[in-house]
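# Notes for the structure review
Here is how the chains run, residue by residue.
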Amino acid sequence: MSKIDQLDKHIMDLLIEDSRLTYKEIGNKVHLTGQAVGARVRKLEDLGIIQGYTLRYNHHKIGDHVHAMVTVFLNLATSHHTFIQFVHQHPEIVEVHRVSGEGCYWMNVYTASNDKLNAILEELLKWGNYRVNLSLEQVK
């Protein structure tokens, strides 16, 4: 696999900050032509380093005022598959990581109310126990 250099990392940082930037705009910031930036971005995509482009939005401004970070402790090793089906059925569960150490999974959950969060947590009891931490403020 080809190595990436500091210029590739700088281009990725600019895209992370604003994925709507044109290659020409990025080129002006990194002192390359837009065409050269496009070639580097295609290389990064082909290598699987850039895996896609996404949209971030403010959950609070659309009514999701409760942000919970949930550590899941599964009861049985055989419940991973059905647990994964469960998380895919709930759009409120926006991120899930299978982890080593404490717990089996970490989940980020955004809901409009504590009642909606509680309903998800009640359903989660089919697979095991959990620990919940509520976000008070996002600092980064």
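Each value, and the rule that gives it
Residues numbered from 1 in each chain as written. Predicted model: local features only at pLDDT ≥ 70, side-chain atom pairs only at ≥ 80, totals over all residues. Heavy atoms only, no water. Helix = DSSP H or I, 4+ residues; strand = E, 2+ residues; numbered from the N terminus. Rg over C-alpha atoms; globule rule 2.2 N^0.38 Å. Contact = heavy atoms within 4.5 Å. Areas by Shrake-Rupley, 256 points an atom, 1.4 Å probe, with all protein chains shown as cover. UniProt positions renumbered as here; feature names shortened; annotations may be inferred. Axes fitted to C-alpha atoms, helices over the stretch in contact; angles between N-to-C directions. Parallel < 35°, antiparallel > 145°, perpendicular 65-115°, else oblique. Nonpolar A, V, L, I, M, F, W, Y, C, P; charged D, E, K, R; others polar. 1 Å grid on protein atoms, 1.4 Å probe; cavity = no way out; pocket = protein on both sides within 12 Å on 5 of 7 lines; lining within 4 Å. Points joined across faces, edges and corners; volume = space filled by probe spheres on them. Expected span 1.5 Å × (residues − 1). Buried < 20%, exposed > 50% of the residue type's maximum accessible area, 1.4 Å probe, protein only. Arc of directions from axis to C-beta. Polar contact = N/O pair within 3.5 Å; in protein donor to acceptor, adjacent residues only side chain to side chain. Pairing = 2+ DSSP bridges.

Attention shifts here to the overall build of the chain. Assigned secondary structure in the chain consists of five helices and four strands. Secondary structure elements in the chain, listed N-terminal to C-terminal, are α-α-α-β-α-β-β-α-β. Scaling as 2.2 N^0.38, a compact globule of 140 residues should have a C-alpha radius of gyration of about 14 Å, whereas the chain reaches 20 Å, well beyond that. For the chain, the spread of C-alpha atoms along the three principal axes comes to 55 × 35 × 25 Å. Within the chain, contacts between residues separated by at least 24 positions form 62% of all contacts whose residues are at least 6 apart in sequence. Summing over all exposed atoms, the chain offers an accessible surface of approximately 9900 Å²; the carbon and sulfur share of this is 52%.

Quick look at the UniProt feature "domain: HTH asnC-type" (unreviewed entry) in the chain now. Feature annotation in UniProt places "domain: HTH asnC-type" (unreviewed entry) on residues 4-65, given in this structure's numbering. The distance from the first to the last C-alpha atom of residues 4-65 is 40 Å, and the span holds 53% helix and 0% strand.

In a pair of packed helices, the angle between the axes and the distance between the axes together describe the arrangement. It is at 7 Å that the axes of helix α2 (residues 23-30) and helix α3 (residues 34-46) come closest, and there the two elements cross at 100°. Regarding the angle of α2 to α3, the classification is roughly perpendicular. Taking contact as the criterion, the partners of Y23, K24, I26, G27 and V30 in α2 are, on α3, G34, V37, G38, V41 and R42. Among the residues making up the contact of α2 with α3, the classes are represented as five nonpolar, three polar and two charged.

Moving on to the layout of surface pockets. Taken as a whole, the largest pocket spans an internal volume of roughly 440 Å³. Around the largest pocket, the lining comprises 13 residues; the ones closest to its centre are L15, I16, E17, S19 and T54. Tallied by class, the residues present in the lining of the largest pocket amount to six nonpolar, three polar and four charged. Considering only enclosed or pocket space, the second largest pocket measures out at about 350 Å³ in volume. Around the second largest pocket, the lining comprises 13 residues; the ones closest to its centre are Y57, N58, H59, Y110 and Q138. Its residues assigned to classes, the lining of the second largest pocket shows four nonpolar, seven polar and two charged.

The next thing to look at is helix α1 (residues 6-17). A rise of 1.5 Å per residue sets the reference length of α1, with its 12 residues, at 16 Å; its end C-alpha atoms lie 16 Å apart and thus fit the reference within 8%. All of the buried residues in α1 are D8, I11, M12, L14 and L15. Summarising the axial view, the buried residues of α1 lie within an arc of 160°, below the 170-degree limit, and thus occupy one face. Opposite its buried face, α1 presents the exposed residues Q6, I16 and E17, each directed more than 90 degrees away. Looking at where α1 begins, the residue whose side-chain oxygen comes 3.1 Å from the main-chain nitrogen of L7 is D5.

In this section: the pairing of strand β3 (residues 105-111). Among the seven residues in β3, six count as buried, and that is most of the element. In this structure, strand β2 (residues 93-98) lies alongside β3, joined through five bridges in antiparallel fashion. The partner of H97 across the bridge, within β3, is W106. Connecting β2 to the antiparallel partner β3 that follows it, the hairpin turn spans six residues, and G101 within it adopts a positive phi of roughly 90°.

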